[in-house]
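# Summary of the model geometry
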Amino acid sequence: LFGFSRYGKEEIKGLSKLTNALARESAARGTDATGIAFNDNGKLIIVKDSKSAYKMDFKYPDGIVALTGHTRHMTVGNPKNNRNNHPFKGSCKSFNFALCHNGVLSNDKTLRRDYHLPKTKIETDSYIAVQLLESQSRLNFESIKYMAEKTEGSFSYTILDEKNNLYLVKGDSPLSILHFPKQKIYVYASTDEILYRALIDSPLFSA
C-alpha cells in the first residue's frame, strides 16, 4: 500500500515522481501487478496493470489531492486478469470509491454466501471488502467499521472516494504514515523503510 493526501491549497511539485518512487520501493512486497487511483476533475480514475512497478510510469495532472496505490503479490486470483488487481472500484448508489487491500482474508466465500452478496468474476479474496461496503449503500466510518469487523484474516485497507476522502484502516498488516505539517501532506506506505527510501529523491526528504 502507498499514497498520499494533501490538505493545503498550494500544489506540491514532484508528486508524480514521488508516486513512482513509492510504487517502485513497494515492489519489494509484490511485483505481480501495480495500480493507483486518484480523482481528476471530480472523476475517479483507476490505472492498473499486471506489471511490476519497475515497468510502470505513472503520470497525472498537477493538483491531485489524494492518491492510493498498491503493488500486488498474488495469493488468490490470476494477476493476468486485470480485474483481479488493485485498486478495485466500488460504488455506494452513485458514489464511487477505490479500495486496496494488503493481506489475506479467510472468510470471503462464507461472507458472500451468508450475506447473499452478488457473484463476481473477480477472483480475489480482497474484493469481498468492496462488496460489503456496497451492501451498506453508503461510505462513512460506520460502513467501513462494519466491513472491517466482518472480514477475518490479515488486512490493512485504503479507501479513496470521489470527493478525495482517504480512509486508512490498520489491521494486522503493516502500515506507516508520515505527516509533513509545513507542506500540509500525509504520505503513507506499508513500512517505514519503503517510505524513507521513496522520499530520498523527493522535495519532502529534507523535512
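Structural notes, computed from the coordinates. (Residues numbered from 1 in each chain as written. Predicted model: local features only at pLDDT ≥ 70, side-chain atom pairs only at ≥ 80, totals over all residues. Heavy atoms only, no water.)

### Regarding the sheet that holds strand β6 (residues 95-102)
Here is the rule: A pair of strands is considered paired only if DSSP assigns at least 2 bridges between the two. Each helix is a run of H or I in the DSSP string that is no shorter than four residues. Each strand is a run of E no shorter than two, and both are numbered from the N terminus. Axis definition: a line fitted to C-alpha atoms, over the contacting stretch in the case of helices. Angles run 0 to 180 degrees between N-to-C directions. Contacts are assigned to residue pairs with any non-hydrogen atoms lying within 4.5 Å of each other.
Taken in spatial order, the four strands make up an open sheet running β5-β6-β7-β8, and their pairing is antiparallel. With partners counted over all chains shown, the strands left at the sheet margins are β5 (88-92) and β8 (166-170), one partner each. Ignoring strand direction, the axes of neighbouring strands in this sheet form an average angle of 25°. One ladder, built from six bridges, connects β6 with strand β7 (residues 156-161); its direction is antiparallel. Its bridge partner being in β7, His 101 is matched across the sheet by Tyr 157. Those strands touched by helix α3 (residues 127-135) are β5, β6 and β7, and its axis lies near 10° from that of β5.

### Looking at the sheet that holds strand β10 (residues 185-189)
Taken in spatial order, the six strands make up an open sheet running β3-β2-β4-β1-β10-β9, and their pairing is antiparallel. Each of the sheet's edge strands pairs with one partner strand only, and the pair in question is β3 (43-49) and β9 (176-180). In this sheet, neighbouring strand axes are inclined to one another by 10° on average, regardless of whether the strands run parallel or antiparallel. Here six bridges tie strand β2 (residues 33-40) to strand β4 (residues 66-72), and the two strands are oriented antiparallel to one another. Residue pairing in the sheet places Ala 33 in a bridge with Arg 72 of β4. Docked against the sheet, helix α1 (residues 15-26) engages β1 (2-6), β2, β4 and β10, running at close to 150° with respect to β1. Docked against the sheet, helix α5 (residues 192-199) engages β9 and β10, running at close to 40° with respect to β9.

### Section: unusual backbone geometry
Our working rule: Only protein chains enter the accessibility calculation, which uses a 1.4 Å probe; a residue is then buried when its area is under 20% of its type maximum, exposed when over 50%, and partly exposed in between.
With omega at -5°, the peptide bond leading from His 86 into Pro 87 counts as cis. Phi is positive for His 116, which is not a glycine, with a value near 50°. Relative to the elements of secondary structure, His 116 occurs in the loop between α2 (108-114) and α3. His 116 sits in the exposed class, given a relative accessible area of 71%. Non-glycine residue Lys 184 carries a positive phi angle of around 60°. For Lys 184, the position within the fold is in the loop between β9 and β10. According to the relative accessible area criterion, Lys 184 is partly exposed, its value standing at 40%.

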